[in-house]
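# Secondary and tertiary structure notes
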Amino acid sequence: MSQLNLKEAFKQNIVLLKAMGLWFFENESFYKLFKYFVQGSLVFDSTSLIIYVALNIRIKNVTDTIYSLPGSLEVVLQAILFRKNFHLIRKSLQNLKQKEFQPKNDTQEKILKDSIALSRHVFYSFFGLVIVMIGMWMILPLTKQGKYLPTKYWIPFDYRLPVVYELLYLFECSCIIFHAFSNVALDTFFSIAMIQIGAQCDVLCDTIRNMDELTETNLEDNYEKNNAMNKKLIDCIHHYRLIEEFAKSIATSFKEILMVQFVCSSLMLCVSMYELSLSEPMSGHFFQVFLFQISATNEIFLYCWFGNEVIIKSERLFYAVFESKWYDMSAKLKKNLMIFAYQVQKPISLLVWNIFPVDLKTFGGLLQKCWSFFVAMKNIQEIQE
């Protein structure tokens, strides 16, 4: 059976993380300078946006800027937390090289290859959506009369001067790209990790169901065959523990990042829905906010969908035990199989800072809360008017 490089699923993410200055190398002389430039640009960008909002908070139409503020802060905080937990993330990727994660038959090889293909599809789909969003964000100001920047920032000088405007416009476009691509790299990294955990659960289910077929068939003595199957069951238990360790390592690495993501995305959804209701239908600004809202929703959806898939696929391990030919096994093997079934009764679930699970129920509850907040904001507006 051919050996697969499971890190291939993260190839696109790693390339983008390196391009956004979020990776670590042993010798970082020039790369460190680039890293400081990117992070310094993001901090400057977010700080200018905060100052602008603070100075214009009493202005009614400040919501056309404030909806992007949580997203700007989110990327800066996530980048700091990612670098803080980078050693855990690198260790998690190294764990994928263990022999227990490799396929044992053609079916399992197909499962793992499909998981790698799905990982690429998820990455490029989200990447394409973000490309459209930032393209509109950067081009829309050029269609207006006068000199406007992609986003309203506090700038302590007259940026409309010749050359100054063009340079500042390019700088802000660069910041938008850094923000958007960093989001893509970090968000899809967690989702792809969930895809790989789910694939390993599918592989383990297949091993348990076909335990007798994967055991040496040339053993005529029942005692030797039972011993061989018992050894195979021990391998399955070890495989399951490695899956749990990988999931725990990813959850530990991303627990703070997930909390920042959920809080900031909730704020972005609430304010962008309100801003969308104030925008002129079918205008350029309307589509700009609409695409921003889709991207913010998609970020949370990716986390929750694949987190939910891990729960569903890890639940199947319990049923896979009963789908095996347990009735032909010895009493000792049946007992060990029952112990294993008891261990896998509780599905693998990733929690946001050990508070609430990353699943579709959480996603539905989040959307409901955002909608309630939006309705409350609209009611307050109507009362004031």
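A short tour of the structure in this document, coming up. Each chain has its residues counted from 1, running along the sequence as written. Totals for whole chains, interfaces and linings use every residue, but because this is a predicted model, local features are given only for residues with pLDDT of at least 70 and side-chain atom pairs only at 80 or more, for both listing and counting. As a convention, hydrogens and water are excluded, and side-chain values are obtained from all of the structure's heavy atoms.

## Details of empty space enclosed by the protein
Think of a ball as big as a water molecule: rolled over the atoms, this probe shows where empty space is left. Quick reminder of the rule: Of the grid points, spaced at 1 Å and generated over the protein atoms alone, those admitting a 1.4 Å probe that cannot get out make up cavities, while open sets with protein on both sides within 12 Å along at least five of seven lines make up pockets; any residue with an atom within 4 Å of a point is treated as lining. Grid points are joined across faces, edges and corners, and a volume is the space filled by probe spheres set on the points. Only DSSP runs of H or I with at least four residues qualify as helices, and only runs of E with at least two residues qualify as strands; both kinds are numbered from the N terminus onward. Classification convention: Asp, Glu, Lys, Arg as charged; Ala, Val, Leu, Ile, Met, Phe, Trp, Tyr, Cys, Pro as nonpolar; all other residues, Gly among them, as polar.
One pass over the structure, following the stated rule, counts one cavity of 30 Å³ or more. Here the largest cavity defines a volume of roughly 330 Å³. Forming the walls of the largest cavity are 23 residues, and the residues nearest its centre are Met-133, His-179, Ala-180, Asn-183 and Phe-292. Contributing elements (two or more residues each) for the lining of the largest cavity: helix H2 (29–55), helix H4 (69–84), helix H6 (106–139), helix H7 (164–209) and helix H10 (284–323). Broken down by class, the residue content of the lining of the largest cavity amounts to 14 nonpolar, seven polar and two charged.

## Let's talk about the nonpolar core
When a protein is soluble and globular, its nonpolar side chains tend to lie buried together. What counts is decided by this rule: For our purposes a nonpolar core is just a set of buried Ala, Val, Leu, Ile, Met, Phe, Trp, Tyr and Cys residues, chained together by side-chain atoms within 4.5 Å. We call a residue buried when its accessible area falls under 20% of the maximum for its residue type, exposed when it is over 50%, and partly exposed in between, using a 1.4 Å probe and counting protein chains only. Any two residues having at least one pair of non-hydrogen atoms within 4.5 Å are treated as being in contact.
Counting residues in hydrophobic clusters, the biggest one holds 120 residues, and the most contacted among them are Phe-10, Phe-190 and Met-194. In terms of residue count, the dominant contributor to this core is helix H9 (residues 222–278) (25 residues). For Phe-190, the contacting residues outside a window of four places in its chain are Ile-250, Phe-254, Leu-258, Tyr-303, Leu-350 and Val-358.

## Digging into the packing of aromatic side chains
In plain terms, the rule: For Phe, Tyr and Trp, where Trp contributes only its six-membered ring, two rings pair if their centres lie within 6.5 Å, and the inter-plane angle classes them as stacked under 30 degrees, edge-to-face over 60, or tilted in between.
Under the defined criterion, the tally for this structure stands at 28 aromatic pairs. Their ring planes at 80 degrees and their centres at 6.3 Å tell us that Phe-82 and Phe-189 sit as a pair that is edge-to-face. With Phe-82 in helix H4 and Phe-189 in helix H7, the pair connects residues that are 107 residues apart, well separated along the chain. Phe-189 carries the same exposure label as Phe-82, and that label is buried.

## Remarks on the environment of Glu-8
Our working rule: Polar contacts, as counted here, are pairs of nitrogen or oxygen atoms within 3.5 Å of one another; within protein the pair requires one atom able to donate a hydrogen and one able to accept it, and residues that are adjacent in sequence qualify only if both atoms are side-chain atoms.
On the secondary structure map, Glu-8 appears in the segment before helix H1 (11–19). Each C-alpha atom of the pair Glu-8 and Tyr-342 lies 34 Å from the other, and the pair is 334 residues apart in sequence. In this structure, Glu-8 is in contact with Ile-116 and Arg-120, ignoring residues within four places of it in sequence. A polar atom in the side chain of Glu-8 sits 3.3 Å from the side chain of Arg-120.

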